[in-house]
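# Examination of the molecular architecture
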Amino acid sequence: MRIGVLGTGNMADALATHWARAGHQVTVGGRDIGRAERLAARIGAGIRAAGPRAAAESGPVVLAALPFAAGAAVVGELRAALDGRTVIDCSNPVGAGFRLLTEGGASAARRLAAAAPGAHVVKAFNLCHEDVWRMRPPVFDGRPLAVPLCGDDEEALARVGRLVRDVGCAPLAAGGLDRAGLLEAAAALYIGLWVGEGADVQAMAPPLAYAAGPRT
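Each value, and the rule that gives it
- Residues numbered from 1 in each chain as written.
- Predicted model: local features only at pLDDT ≥ 70, side-chain atom pairs only at ≥ 80, totals over all residues.
- Heavy atoms only, no water.
- Core = buried A, V, L, I, M, F, W, Y, C linked by side-chain atoms within 4.5 Å.
- Buried < 20%, exposed > 50% of the residue type's maximum accessible area, 1.4 Å probe, protein only.
- Helix = DSSP H or I, 4+ residues; strand = E, 2+ residues; numbered from the N terminus.
- Contact = heavy atoms within 4.5 Å.
- Arc of directions from axis to C-beta.
- Patch = residues over 30% accessible without salt bridge, like charges linked within 9 Å, V, L, I, M, F, W, Y side chains within 5 Å.
- Areas by Shrake-Rupley, 256 points an atom, 1.4 Å probe, with all protein chains shown as cover.
- Salt bridge = Lys/Arg side-chain N within 4 Å of Asp/Glu carboxyl O.
- Pairing = 2+ DSSP bridges.
- Expected span 1.5 Å × (residues − 1).

With that settled, the discussion passes to the nonpolar core. Within the largest apolar cluster, 35 residues are counted, with the highest numbers of intra-cluster contacts made by Trp19, Val26, Ile88, Phe125 and Trp133. Contributions of two or more residues to this core are made by strand E1 (2-6), helix H1 (10-21), strand E2 (25-29), helix H2 (33-43), strand E4 (61-64), strand E11 (146-151) and helix H7 (154-167). Considering each element in turn, this core owes the most residues, seven residues, to H1. Ignoring any residue separated from it by four or fewer positions in sequence, one finds Val26 in contact with Ile3, Val5, Ala16, Trp19, Ala20, Gly46, Ile47 and Arg48. Within the second largest apolar cluster, 26 residues are counted, among which are Val75, Leu112, Leu127 and Leu183.

So this is what it looks like as structure tokens:
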């Protein structure tokens, strides 16, 4: 699969590395072409460096590895190039004090969809630190990490599901794009507990067999 990556930061690095090693043709795009070239050289595996528009046009899937504050503006500038493509939003609109920056408004994913209405946006890869995504693979106690996906287009969801598996994880259907805000709110809560309290978030939920209480 041909994949374009918008951004040259940690999430771009982590996910592009997995996908290139899985045999996908990845183009990393950044306004600072020198930084894009350095990232491509570090990853290797035939990754190309380009400007944002060339990366957006390079394939059917585009990872928007962009900060929340810049995401909608960058995607809006590229809306024509993104028409018909699957756009993965991995951003987290979390600010100081682990505050959800979108509270009372549209989710980050819905803002990208509004900025590029011809694209098929899928929310994914937002619940974990970038170094978790660098693991090869992210498997804990023998169980692959589950990655919730929110989106409205079945083909786009299938494409992203394949890329989740190529990272070594398990895709988890989490509803339409209208539920992306729940994933973003969950990330704000989790980050606050992990970083702010040093808490084990996994301890909050019982095993699936006990989700509705003990069996009688």
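Residue pairs spaced three or four apart in an α-helix point in one direction, given the helix's 3.6 residues per turn. Residues of helix H5 (residues 108-115) that are buried include every one of Ala108, Ala109, Leu112, Ala113 and Ala115, and no others. Summarising the axial view, the buried residues of H5 lie within an arc of 160°, below the 170-degree limit, and thus occupy one face. Summarising the contacts, the buried residues of H5 are in contact with E4, helix H4 (68-77), strand E5 (86-89), strand E8 (120-123) and helix H8 (180-197).

Turning our attention to a nonpolar patch on the surface. A cluster of nonpolar side chains, namely Phe98, Trp194 and Val195, defines an oily patch on the protein surface of about 290 Å² accessible area. With respect to the helices and strands, Phe98 occurs in the loop between strand E6 (94-95) and strand E7 (99-100). Taking the relative accessible area as the measure of exposure, Phe98 reaches 34% and is therefore partly exposed.

What follows concerns the pairing of E4. Alternating positions in E4 separate into two faces, Val61 and Leu63 on one and Val62 and Ala64 on the other, with burial throughout. Of the pairings in the sheet, the one linking E1 to E4 comprises four bridges and is parallel in character. Among the inter-strand pairings, Leu6 is bridged to a residue of E4, identified as Ala64. Pairing of E4 with E5, which is carried by four bridges, proceeds in the parallel orientation.

With that settled, consider H1. For H1, spanning 12 residues, the distance from its first C-alpha to its last is 17 Å, which sits close to the expected 16 Å at 1.5 Å a residue. Of all 12 residues in H1, 10 are buried, a share of seventy percent or more. Every buried residue of H1 is listed here: Met11, Ala12, Asp13, Ala14, Leu15, Ala16, Thr17, His18, Trp19 and Ala20. At the C-terminal side of H1, Gly23 shows a positive phi close to 100°.

Nothing here speaks to function; it is all geometry.
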